[in-house]
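# Structural overview
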Amino acid sequence: MATIDAQDSDLREMIGRFRVLIIGRANAGKTTILQKVCNTTDNPEIYNTKGEKLDDTVVESSIKRGNHDIANEMVFKSNPGFVFHDSCGFEAGSEVEFEDMKNFISERVHAKKLEERIHAIWYCIPMDNPSRTFQRSEEKFFMECDTGHVPVVVAFTKFEALRPVAFGEIKKELKGLSAEERSRRIAQRVEELFMNTGVLDRLSDTNNRTRPKSHVRLQNMNQPNANCDTLLESTTYALDDEELRLCLVSTQRSNLELCIKCAVA
C-alpha cells in the first residue's frame, strides 16, 4: 500500500486520470457498472472536449436524436479519478457511429499526451438473451477495430438471467434431490448454457483483429452489495504497463484486497 501511496502523486502528474471506454448495447448495464466502480448511485457529470460541463437533458436529447459524441467525458463526483467514454450508438447499426468509434479508439490509443489516451476498454455483453450474445455489433468490433496495446476486458452482464433458463430445462430432474445437489446441477447447467452460446469461441477467433485479454461474469448488479471487484482486478492484470496498473489500483477505492495484492507485488 505504501508503494502505491508513494507513487500516486507522480502517477497523477504523468498519466492524469484513468480513462476507460465502455462499449455495449442499450440496457447492457453499462451505467450500473460505472456507478458500482465509483461507489455511487448518482448519474455522472458530462463534459465536452473543452472541459465544459454539459446539461444532462441536452445530452439525453442529443442521444435520442442519434447525435452522441463519444469524446464526451463522463465523471462521477464520488471518484473523479476515473474518466469514462460511452460508445452509445454503433450497436444500433449506424455505420457512421461505428466509424466514429473506430477513429476515436485509434486517436486515443496513439495520443501523444498520456492523459488523453484510453487505458482500458470494457465491452459489455448481456446474457439475458443467450441466443443473441454475439451480434453484428460484437462481430464488427472484434473483427475490425484495432485497439493496439489497450486491453479489452469483456464483461458478461446480467449473468443471473441464465439461472431460471437452466432451472426450467432440468426442473424434472431436480425432484427429490437435496437443496445442495439441486444448486450444483443448476450451476452446472448454467455453465453448459453459457458454453453453448459459443461466445468465447467467437471472441478468441484468430481472424479477429482484437481479442479480449480476459472476461468476467457480472450478476445481480442491481443489488446494493454488488460490486465490480472482479472487473477491476481483471483489468489491472490485463494492463502491461506497471505505472498504469498502479494508477488504476490507486484510483479505485472499493477493492482493498486488490490494493494489498499490488502493494505486496
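Quick note: structure is the one above.
Keep in mind that what you see is a predicted model, and the values were worked out from it rather than measured.

### Some thoughts on the overall build of the protein
Scanning the protein from N- to C-terminus turns up 11 helices and 8 strands. Looking at the 265 residues of the protein, the share that counts as buried comes to 46%. Taking the contacts inside the protein whose residues are at least 6 apart along the sequence as the reference set, 72% of them involve residues at least 24 apart.

### Notes on the nonpolar core
Core analysis: the largest hydrophobic core is formed by 33 residues, its most contacted members being Met101, Ile105, Ile121, Tyr123, Phe141, Phe142 and Phe156. Looking at this core, the elements with two or more residues in it are strand E1 (18–24), helix H4 (95–109), strand E6 (120–126), helix H5 (136–144), strand E7 (152–157), helix H6 (162–170), helix H7 (179–196) and helix H8 (199–203). Sorting elements by how many residues they give to this core places H4 first, with 5 residues. Among the nonpolar cores identified, the runner-up in size contains 30 residues, and Val20, Met74, Ala120 and Cys124 belong to it.

### Details of the packing of H4 against H5
Their axes nearest at 12 Å, the elements H4 and H5 cross at an angle of 35 degrees. Here H4 runs over H5; the crossing is right-handed. Contacts between H4 and H5 pair Glu95, Phe98, Met101, Lys102 and Ile105 from the former with Lys140, Phe141 and Glu144 from the latter. Residue composition of the contact of H4 with H5, grouped by class: 4 nonpolar, no polar and 4 charged.

### Points about H5
Of all the positions in H5, only Ser137, Glu138, Lys140, Phe141 and Phe142 are classed as buried. In this structure, the buried residues of H5 make contact with E1, H4, E6, E7 and H8.

### A short note on the packing of aromatic side chains
The geometry of an aromatic ring pair is captured by the separation of the ring centres together with the interplanar angle, meaning the angle of the planes. Evaluation of the coordinates by the stated rule reveals 10 aromatic pairs. Taken together, the ring pairs connect Phe18, Phe76, Phe82, Phe84 and Trp122 into an aromatic cluster. The ring of Phe98 is capped by Lys140, whose NZ or CZ atom sits 4.2 Å from the centre of that ring.

### Some thoughts on the sheet that holds strand E8 (residues 214–217)
Taken in spatial order, the 8 strands line up as E3-E2-E4-E5-E1-E6-E7-E8 in an open sheet, and their pairing is mixed. Across the chains shown, the open sheet's two edge strands, defined by having one partner strand only, are strand E3 (53–54) and E8. Here E1 pairs with E6 via 5 bridges, running parallel. Residue pairing in the sheet places Val20 in a bridge with Ala120 of E6.

### Let's talk about the environment of Leu246
Relative to the helices and strands, Leu246 is located in helix H10 (residues 242–251). By relative accessible area, which is 5% here, Leu246 ends up buried. Distance from Leu246 to Thr236, taken between C-alpha atoms, is 8.3 Å for residues 10 residues apart in sequence.

### Here we look at unusual backbone geometry
You will see that Asn27, though not glycine, has its phi angle at about 65 degrees, which is positive. One can find Asn27 in the loop between E1 and helix H2 (30–37). Notably, Lys158 is not glycine yet its phi reads approximately 55 degrees, a positive angle. Relative to the assigned elements, Lys158 resides in the loop between E7 and H6.

### Observations concerning the state of the cysteines
Under the criterion given, the structure shown has 0 disulfides. The cysteine Cys124 is free of any disulfide, with Cys228 supplying the nearest cysteine sulfur at 8.8 Å. Looking at Cys228, the relative accessible area reads 1%, which means it is buried.

### Observations concerning the pattern of salt bridges
The tally for this structure, following the rule as stated, stands at 19 salt bridges. A salt bridge links Asp86 to Lys30; its shortest N-O distance comes to 3.0 Å. A residue pair is termed long-range when its members are at least 10 positions apart, and Asp86 in strand E5 (residues 79–86) and Lys30 in helix H2 qualify at 56 residues. Put simply, Arg217 and Glu191 hold a salt bridge, and the shortest N to O gap is 2.8 Å.

### Describing the side chain of Glu138
Within the element layout of this structure, Glu138 appears in helix H5. Owing to a relative accessible area of 0%, Glu138 belongs among the buried residues under this scheme. Within the structure, the side chain of Glu138 is placed 3.2 Å from the side chain of Tyr123, a separation counted as a polar contact. Setting aside residues up to four positions removed in sequence, Glu138 forms contacts with Arg25, Tyr123, Ile125 and Thr133.

### Some thoughts on H10
Every buried residue belonging to H10 is among Leu244, Leu246, Cys247, Leu248, Val249 and Thr251, and all of these are buried. Regarding H10, its N-cap is Asp241, as a side-chain oxygen of that residue lies 2.9 Å from the backbone nitrogen of Glu243 further along.

Cut-offs used in this document
In this convention, every chain numbers its residues from 1, walking through the sequence in written order. Given that the model is predicted, a residue must reach a pLDDT of at least 70 before its local features are reported, and side-chain atom pairs must reach 80 or more before they are shown or counted; all residues, however, enter totals for whole chains, interfaces and linings. As a rule here, side-chain values cover all heavy atoms of the structure and leave hydrogens and water aside. Strands here mean DSSP runs of E at least two residues long; helices mean DSSP runs of H or I at least four residues long; both are numbered from the N terminus. Using a 1.4 Å probe on the protein chains alone, a residue whose accessible area is under 20% of its type maximum counts as buried, one over 50% counts as exposed, and one in between counts as partly exposed. Residues are treated as being in contact if the distance between any of their heavy atoms lies within 4.5 Å. Among buried residues, the Ala, Val, Leu, Ile, Met, Phe, Trp, Tyr and Cys ones that are joined through side-chain atoms within 4.5 Å form a nonpolar core. Axis definition: a line fit to C-alpha positions, over the contact stretch in the case of helices; interaxial angles, taken between N-to-C directions, run 0 to 180 degrees. Crossing handedness follows the turn of the near helix against the far one: under a right angle anticlockwise gives a left-handed crossing, and clockwise gives a right-handed one. Under the convention adopted here, Pro, Cys and the residues Ala, Val, Leu, Ile, Met, Phe, Trp and Tyr are nonpolar, Asp, Glu, Lys and Arg are charged, and Gly plus all remaining residues are polar. Aromatic pairing here means that ring centres of Phe, Tyr or Trp (its six-membered ring) are within 6.5 Å. Orientation follows from the plane angle: under 30 degrees is stacked, over 60 is edge-to-face, and everything else is tilted. For a ring to carry a charge above it, either NZ of a lysine or CZ of an arginine must fall within 6 Å of the ring centroid while also lying within 35 degrees of the normal to the ring plane. Any two strands with at least two DSSP-identified bridges between them are counted as paired. Disulfides are defined in this document as cysteine sulfur pairs within 2.5 Å. Whenever Lys or Arg places a side-chain nitrogen within 4 Å of a carboxyl oxygen from Asp or Glu, that contact is recorded as a salt bridge. The term polar contact refers here to a pair of N or O atoms within 3.5 Å; inside protein, the definition further demands a hydrogen-donor-capable atom paired with an acceptor-capable atom, and it admits residues adjacent in sequence only when both atoms are side-chain atoms.

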